[in-house]
Amino acid sequence: MSRHTHAKRIEGLDKNVWVAFTALAADPSVVNLGQGFPDIPPPSYVKEALAKAASVDRMNQYTRGFGHPSLVKALSQVYGKVYGRQIDPLKEILVTVGGYGSLFSAIQALVEEGDEVIIIEPFFDCYVPMVRMAGGKPVLIPLRLVSMKSGKKTITSADWFLDPDELAGKFNSKTKAIIINTPNNPIGKVFTKDELQMIADLCIKHDTLCFSDEVYEWLVYRGHQHVKIATLPGMWDRTVTIGSAGKTFSVTGWKLGWSIGPEHLMKHLQTVMQNSLYTCPTPLQEAVAQGLLLNYELMDQPECYFTSLADELEGKRDRLAAIVEEAGMTPVIPEGGYFMLDLSHMDEDEAYDYKFVKWMIKEKKLAAIPVTAFVGEESTKDFEKYIRLCFIKQDGTLDAARSILKSWTKDMQMG
Amino acid sequence: TRLFTQLAADYKAVNLGQGFPDFSPPQFVQEAFCKAISGGPQMHQYTRAFGHPPLVKSLAKFFSRIVGQDIDPLEDILVTVGAYQALFCAFQGLIDEGDEVIIIEPFFDCYQPMVVMAGGKAVYVPLRPVSEGSAILSSGDWVLSADELASKITPRTKAIVINTPNNPLGKVYKTEELQMIADLCIKHNLLCFSDEVYEWLTYDGAKHIKIASLPGMWERTVTVGSAGKTFSATGWKVGWAIGSGNIIKYMKTIHQNSVYHCATAAQEAVAHGFEREYQLFGTPESYFQQLPAMLHHKRKKLALCLESVGLQPIMPEGGYFMVTDISSVKVDLNDPNTKDELYDFRFVKWLVKEKGLATIPVSAFYSPEHSKEFDKYIRFCFVKEDSTLDAAEAILRKWSQKE
């Protein structure tokens, strides 16, 4: 069988944190705060829209490859308003299989052998293997926890920064793109306009592209604002912005996402699409279109799901933060997204985060995700004390986690 | 084909071009989909990345019986976004820079760009018509020359792509023909990518044979299937690749680094579809009996229409397309815009604009080096409501009366 070897492009890319941890957490007795998907139901009107679409004959057959017409039109409307610019539904939008599919299309379309791509740690884990699969070279730069001001007790995701000089040092003539993720998974950082301007200045100076993963764009908590880097001067023409129906409407299992950007970049993503899977499922796209149109009418009002979901999650965020603090751990309060990092309160010589999480799942029946899954090898020692918890869960789930942590702390106090 | 879809829409043509049904999927899968949609919250969240457990289990059960192989649902199956993405994973996972891939013409048009995108080199070998004895040719009269195929193999050849039943011709490869290909695969240690999306659509007793079931082939074959074609639900985009775990694992790596998951609810519905078909297999209630029976009648209807205007259809043994020889038709293709294009392209455009009937030119399914040899054929799709076929018939009748 020696000739049945794999293509070189997948060398070393077979391991995946989710494949490992999803299996472990699948045990129904485990309280799963690991993988990032809701256990709360999606809004009923999106499910109804899907049922309705599925009952129309035409909706069960192929639709337009680059995106179902009613969906790209709805996206153009919603984002036209958000960006404050006219977005061409046919030329500047591509519908993909989740935000994941958009990342793949952008990287395959625009990254070549030898290109460098700057990735900010901690990063959603697929960025590195996708860049490598395209023949590119990932160049990593960590967000760094700036030492606490005296008197400030709580750590938030806003305490993590990119060092401007360090970042500037990563750009060179080979740099093809930088990938940013705001709100960030796993820390929950919401990049400020100034921080994005700093990145934008470098992109313009070095003529670099920007892939902006904004799947959590609506999940931003009080006092913070999601800023689209593509709206900064000089950035529209060099940015591909990625969004997700799964995260927007709490339907991760629908696997629909989109890329928005200038025609001269989007046409290449469309080429990848037409040679990889051609079209996305029709009834799901129709249902998302309906969901977007409904919320477009309600935008800026509290009933708008984009706002109401963030409100609901803010409550869960605070609830989980209290739970882990009670257990003696230190949460990193996220400004956005649905993940929270916890500083493990274990001893210095305690197990690394992977071992810790595996042990926690097995012994304590509580699942989380080790944060070093989101960083390169060199940054492992800076991040191994953190585990990631997902709080887009029913209050019952969060309560179950609380019970586990409470009895755990008790054991430790007694032991 | 996108260009022609647009053209058909522009001229409001009766569309026998693009290959998808204009009728609904069968009720039992539609019901299964509705049930999944209103099912628990997990129906709308991520499922297992390589395939929803109920689906891979029902596919394993169903196809183990047919292939005569114990198929492991977790190791030997990858669920993909349509058969299209299964093909993509196969090329990306297994074809390297400089590898040669043999493609049999006429071929579904995505094979060539996928080979190129993987850095491979496409090597073509055409099916050729043998006899012109009878008035109506059959797709069975188009054959592969064993010598010609063998001559295309070099030390760089990595894989061969076969498609049975074939799009556009409708050829259903016989066991002897597959054996000939299998012998070469084994002799030269090649992989085989077998696109079998139309596997249930065979007519007049033609039998669909899986090359993976031939001795020595399971370990080197990726077999691709489609829920869209199987259950007349092309818009669901659920497909799969089945093969030895040793090969499927490389496709899983591509999948996990490109789309990662497929939509959950549709997979749940397809799982129910296969459960039902497993129970009803071989009986008259089976959709896999009913669909080809329904299409058999449509195939006949279309063939008669085409003959009545002097066109020569090639009766397909399988699939839902019919290729027709247009060389005997004399029309004045007087459009100066198309004068540099191949004859069938020009004819198809003329047919849409002047007669309001949309089809696809068959040279689109050939390599640049062979397309000029095969530019006198156009493809019709007959997986359409009778009313659509009637409308096509009316157009053709009117046309023949004018001549």
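Residues numbered from 1 in each chain as written. Chains lettered and ligands numbered in written order. Predicted model: local features only at pLDDT ≥ 70, side-chain atom pairs only at ≥ 80, totals over all residues. Heavy atoms only, no water.

A look at the overall build of chain B
- Along the backbone of chain B there are 13 helices and 16 strands.
- Rg of the C-alpha trace for chain B: 21 Å, near the compact-globule value of 22 Å for 403 residues, within the 12% margin.
- Counting only C-alpha atoms, chain B reaches 60 × 55 × 40 Å along its principal axes.
- Contacts in chain B between residues far apart in sequence, at least 24 positions, make up 72% of those at least 6 positions apart.
- As displayed, chain B has an accessible area near 14,100 Å², and 52% of this comes from carbon and sulfur atoms. (Helix = DSSP H or I, 4+ residues; strand = E, 2+ residues; numbered from the N terminus. Rg over C-alpha atoms; globule rule 2.2 N^0.38 Å. Contact = heavy atoms within 4.5 Å. Areas by Shrake-Rupley, 256 points an atom, 1.4 Å probe, with all protein chains shown as cover.)

Considering the pairing of strand β10 (residues 239-244) of chain A
Residue and element names in this part refer to chain A.
- β10 sits mainly inside the fold: six of its six residues count as buried.
- Burial of the side chains of β10 extends over both faces: T239, T241 and G243 are buried on one face and V240, I242 and S244 on the other.
- In this structure, β10 lies alongside strand β11 (residues 257-260), joined through four bridges in antiparallel fashion. Counterpart to S244 in the pairing with β11 is G257. (Buried < 20%, exposed > 50% of the residue type's maximum accessible area, 1.4 Å probe, protein only. Pairing = 2+ DSSP bridges.)

Considerations on the sheet that holds strand β9 (residues 209-213) of chain A
Residue and element names in this part refer to chain A.
- Ordered by their spatial adjacency, seven strands build an open sheet running β2-β11-β10-β9-β8-β3-β4, and the pairing between neighbours is mixed. Looking at which strands have only one partner, the edges of the open sheet turn out to be β2 (93-96) and β4 (137-142). Averaged over all neighbouring strand pairs, the angle between strand axes comes to 20 degrees, with direction disregarded.
- Note that strand β8 (residues 175-181) and β9 share five bridges and pair parallel. Its bridge partner lying in β9, I180 is registered against S212.
- Each of β2, β10 and β11 touches helix α3 (residues 69-83); the most contacted strand, β2, lies at about 120 degrees to it.
- Strand contacts of helix α4 (residues 98-110): β2, β8, β9, β10 and β11, with the helix running at about 160 degrees to β10, the strand carrying the most contacts. (Axes fitted to C-alpha atoms, helices over the stretch in contact; angles between N-to-C directions.)

A word on the environment of V329(B)
Residues and elements named next belong to chain B.
- Topologically, V329 is positioned in the loop between β13 (321-325) and α12 (343-355).
- Overall, the relative accessible area of 11% leaves V329 in the buried class.
- Residues V329 and G310, spaced 19 residues apart in sequence, show a C-alpha to C-alpha distance of 7.1 Å.
- Ignoring sequence-local partners within four residues, the contact set of V329 consists of L311, Y343, F347 and W399.

Structural notes on the interface of chain B and chain A
- Of the residues lining the interface, 60 residues belong to chain B; the matching set on chain A comes to 60 residues.
- In this assembly, chain B packs against chain A so that about 5,300 Å² is buried in total across both faces, 54% of it on carbon and sulfur atoms.
- Per-residue buried area on chain B facing chain A is highest for Q45(B), Y46(B) and N257(B); these three make up 14% of the total on that side.
- Taken together, the links from chain B to chain A amount to one salt bridge.
- Here K8(A) ties to D96(B) by a salt bridge, and the two come within 3.5 Å at their closest N and O atoms.
- Taken together, the connections running from chain B to chain A amount to 31 residue pairs in polar contact (both at pLDDT 80 or more).
- Elements supplying a minimum of two residues to the side of chain B that touches chain A: α2 (27-37), α4 (82-94), α5 (111-117), β8 (157-163) and α9 (245-256) of chain B.
- The element contributing the most residues to the side of chain B that touches chain A is α4(B), with seven residues.
- For the side of chain B that touches chain A, the class distribution of residues is 31 nonpolar, 22 polar and seven charged. (Buried area = accessible area lost by both parts, 1.4 Å probe. Salt bridge = Lys/Arg side-chain N within 4 Å of Asp/Glu carboxyl O. Polar contact = N/O pair within 3.5 Å; in protein donor to acceptor, adjacent residues only side chain to side chain. Nonpolar A, V, L, I, M, F, W, Y, C, P; charged D, E, K, R; others polar.)

Some points on the side chain of S244(A)
Residue and element names in this part refer to chain A.
- Among the structural elements, S244 can be located in strand β10.
- There is a polar contact of 2.9 Å between the side chain of S244 and the backbone nitrogen of K247.
- With near-sequence residues (within four places) excluded, S244 lies in contact with G99, V215, L256, G257 and W258.

As for unusual backbone geometry
- With omega at -10 degrees, the peptide bond leading from T182(A) into P183(A) counts as cis.
- Structurally, the position occupied by P183(A) is in the loop between β8 and α7 (193-206).
- Backbone geometry at K255(A) places phi at a positive 50 degrees, although glycine is not the residue there.
- Its relative accessible area of 5% is what places K255(A) among the buried residues.
- For D204(B), which is not glycine, the phi dihedral falls at a positive 50 degrees.
- As for its placement among the helices and strands, D204(B) is situated in the loop between β9 (191-195) and β10 (221-226).
- According to the relative accessible area criterion, D204(B) is exposed, its value standing at 59%.

Focus on the packing of helix α3 (residues 53-67) of chain B against helix α10 (residues 264-280) of chain B
Residues and elements named next belong to chain B.
- Contact geometry for α3 and α10: axes closest at 8 Å, N-to-C directions at 30 degrees. It follows from the interaxial angle that α3 and α10 lie roughly parallel. Between α3 and α10 lies a crossing of left-handed hand. Within the contact between the two elements, α3 uses P54, L55, S58, L59, K61, F62, F63 and R65 and α10 uses Q267, E268, V270, A271, F274, E275, E277, Y278 and Q279. (Parallel < 35°, antiparallel > 145°, perpendicular 65-115°, else oblique. Left-handed = near helix turned anticlockwise from the far one by under 90°.)

Brief notes about the pairing of strand β16 (residues 377-381) of chain B
Residues and elements named next belong to chain B.
- In terms of burial, β16 is largely enclosed, as five of its five residues are buried.
- In β16, alternate side chains face the same way, and those of Y377, R379 and C381 on one face and I378 and F380 on the other are all buried.
- Both β13 and β16 contribute to a ladder of five bridges, which runs antiparallel. Looking at β16, one finds that D325 is bridged to Y377.
- Bridge count for strand β15 (residues 360-361) against β16 is two bridges, and the pairing is antiparallel. The residue of β16 that forms the bridge with I360 is R379.

Considerations on the domain arrangement of chain A
Residues and elements named next belong to chain A.
- Examined at the domain level, chain A breaks down into domain 1 (9-42 + 304-409) and domain 2 (44-298).
- Of note, the centres of domain 1 and domain 2, computed from C-alpha atoms alone, are 23 Å apart.
- The interface is formed by 43 residues belonging to domain 1 together with 47 residues belonging to domain 2.
- Summed over both partners, the interface of domain 1 with domain 2 comes to about 3,900 Å²; 62% of that surface belongs to carbon and sulfur atoms. (Domains from an automatic or database assignment.)

Examining the domain arrangement of chain B
All names here are of chain B.
- Taken domain by domain, chain B consists of domain 1 (1-25 + 286-401) and domain 2 (27-280).
- Taken over C-alpha atoms, the centre of domain 1 sits 25 Å from the centre of domain 2.
- The interface is formed by 37 residues belonging to domain 1 together with 45 residues belonging to domain 2.
- A combined buried area of about 3,600 Å² lies between domain 1 and domain 2, and 60% of that area is made up of carbon and sulfur atoms.

Considering the sheet that holds strand β12 (residues 312-315) of chain B
All names here are of chain B.
- The sheet built from five strands is open, its strands ordered β6-β12-β13-β16-β15 with mixed pairing. A single partner strand is all that each edge strand has here, and the edge strands are β6 (137-138) and β15.
- Two strands pair when backbone bridges link them, and β6 and β12 are joined in this way by two bridges, in the parallel orientation. Note that in β12 the partner of S138 across the bridge is M315.

A short note on the nonpolar core
- Formed by 235 residues in total, the largest nonpolar core has its most connected members in F211(A), F91(B) and F193(B).
- A per-element tally of this core places α4(B) first, with nine residues.
- Excluding residues within four positions of it along the chain, F211(A) makes contact with A106(A), I107(A), L110(A), V111(A), A177(A), I178(A), I179(A), I180(A) and V240(A).
- Counting residues in hydrophobic clusters, the runner-up holds 32 residues, among them W142(B), I160(B), L169(B) and Y173(B). (Core = buried A, V, L, I, M, F, W, Y, C linked by side-chain atoms within 4.5 Å.)

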